[in-house]
Amino acid sequence: MFQFINQQTDLENVLTLMRQSSVYGLDTEFIKVDTFWPKLGVFQINVDNKIFLLDGTTLELSSFWQQIFQAKQNIFHACSEDIDLIYHYAEQKSLENVFDTQVAMSFLGHGLQVSYQNALKQMLDIDIDKDQTRSDWLARPLTPEQMNYAANDVLYIMQLAQRLQADLHDKGLYQCVLEDCHNLTFEIATETPKEKLYNDIGNYRHSAKQLMQLQQLSVWREEMVKALNQPRSFILKNSTIHDLVEKNPKNNFQLSQMKDIRASVVREHGKTILDLLTFLPEADEWPLRMAKPIRHSSKGVTQAVDDLINLAVTECNVPKEVLMRKKWLNALYHHVVFNGNEQDLPGYLLGWRYELLTQPLIQLLSKDIDYLSTQMKVYE
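Everything numeric here is computed off the predicted structure, so don't read it as measured data.

Student: What's the story with the nonpolar core in this structure? I'm lost.
Tutor: Proteins that are soluble and globular tend to have nonpolar side chains buried together. Leu54, Phe64, Trp65, Phe107 and Leu323 are the most contacted members of the largest nonpolar core, which has 98 residues in total. Here Leu54 is in contact with Ile5, Leu11, Val14, Gly41, Val42, Phe43, Leu59, Leu61 and Phe64, once residues within four sequence places are set aside.

Here it is as structure tokens:
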């Protein structure tokens, strides 16, 4: 049913088989509890309907990564963490040949986050167990239950993909799914620039000074977690950072009272944290206040926006939650108010959605510019 590969010579046989095929079903089992980077336990691959479990703790996989990047198509279910792992281990971030069966399921009306287990049941009437999800995938030897679980994750994925692809072709949606999968893998590859990290933590209620403090703390945290290979929460949780800029502790005793802060962090990094809060650049270098989120357009335009989206849903037969996400719509609001460059919009809005929805929404929202501008205040 499957072969466990933990010898380099046996991996060569898998690579030879991969070179004779061009489509792979893939999944990973890893541990990411006390590290920033994932620790690969097992990499599962279905190639030519043969199942291999590659031992991530012993094998040198550089040739394997290369083959994945050269494939015609890599099939995953809920690929985000798998792709992130591949990007880390392969040390490249340009995987453009992904078909994600979870994304495909969402286009066919099954919801945004249907599990692999439920996808198999709904599409193929196949039941699999998911009782090893929290296993220790770095422990050796792996149990028979672990290996069966890992094998099942790719045993049926090619069959699932073929069924979904046939349904998508029937509805004329296959290329749309491929494009969204490409946008997803690009999104995973895109790291927030250090000078913009505070945007992920701050909000419009923070003063310019607080945003400057957030920026210094977030940059320091990012450098620390990568250097130490620890989760961000091990250094400073976001809740802790918020507490720091709101209360501005002056000494280690006050610092130890901050929300969710670890005693070891106070002990080892207390002075650094206090200095980051205290010693700031000149005020003219502080970030601008962040824009207040737009809750809605004016009443008539709010209805018109909803009508336009519903019309597009009917036209393209894609579920509303797939066609337009709240964060994309908010990006359009910002684009219109600040007269932004369209190329800065999320990639999802620039492809197959552009003529169908993005362009009409921009034209519609532009008519409401005065109202939107009063709703989105930028503080100087």
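Following the structure, the description resumes.
Student: Teacher, can you tell me more about the packing of aromatic side chains here?
Tutor: The description of two aromatic rings rests on the distance between their centres and on the angle between their planes. Taken as a whole and assessed by the stated rule, the structure comprises 9 aromatic pairs. Ring centres 5.9 Å apart and planes at 55° place the aromatic pair Phe107 and Trp352 in the tilted group. Of this pair, Phe107 sits in helix H4 (residues 101-107) while Trp352 sits in the loop between helix H16 (326-337) and helix H17 (353-366); the two residues are 245 residues apart in sequence, bridging distant segments of the chain. Residue classification places Trp352 among the buried residues on the basis of a relative accessible area of 17%. Chaining the aromatic ring pairs together yields one cluster made of Phe43, Phe64, Trp65 and Tyr89. Lying over the aromatic face of Phe234, Arg262 brings its terminal NZ or CZ to 4.0 Å of the ring centre.

Student: Sorry, what's going on with the layout of surface pockets here?
Tutor: Unfilled space is identified by rolling a water-sized probe across the atoms. The calculated volume of the largest pocket comes to roughly 1,400 Å³. In this structure, the largest pocket is lined by 35 residues; those nearest its centre are Lys327, Ala331, His334, Asp344 and Pro346. When residues of the lining of the largest pocket are traced back to their parent elements, those giving at least two are helix H8 (174-189) and H16. Considering every element that reaches the lining of the largest pocket, the biggest residue donor is H16, with 6 residues. Broken down by class, the residue content of the lining of the largest pocket amounts to 15 nonpolar, 14 polar and 6 charged. Quantified by volume, the second largest pocket comes out at close to 870 Å³. Along the wall of the second largest pocket there are 29 residues; nearest its centre are Phe36, Asp84, Glu191, Glu222 and Arg232. Put simply, the parts of the chain that give the lining of the second largest pocket at least two residues each are helix H3 (80-90), H8 and helix H9 (208-228). Split into classes, the residues belonging to the lining of the second largest pocket amount to 10 nonpolar, 7 polar and 12 charged.

Cut-offs used in this document
Residues numbered from 1 in each chain as written. Predicted model: local features only at pLDDT ≥ 70, side-chain atom pairs only at ≥ 80, totals over all residues. Heavy atoms only, no water. Core = buried A, V, L, I, M, F, W, Y, C linked by side-chain atoms within 4.5 Å. Buried < 20%, exposed > 50% of the residue type's maximum accessible area, 1.4 Å probe, protein only. Contact = heavy atoms within 4.5 Å. Phe/Tyr/Trp six-rings, centres within 6.5 Å; stacked < 30°, edge-to-face > 60°. Helix = DSSP H or I, 4+ residues; strand = E, 2+ residues; numbered from the N terminus. Lys NZ or Arg CZ within 6 Å of the ring centre and 35° of its normal. 1 Å grid on protein atoms, 1.4 Å probe; cavity = no way out; pocket = protein on both sides within 12 Å on 5 of 7 lines; lining within 4 Å. Points joined across faces, edges and corners; volume = space filled by probe spheres on them. Nonpolar A, V, L, I, M, F, W, Y, C, P; charged D, E, K, R; others polar.

Spatial relationships are all this shows, so hold off on functional conclusions.
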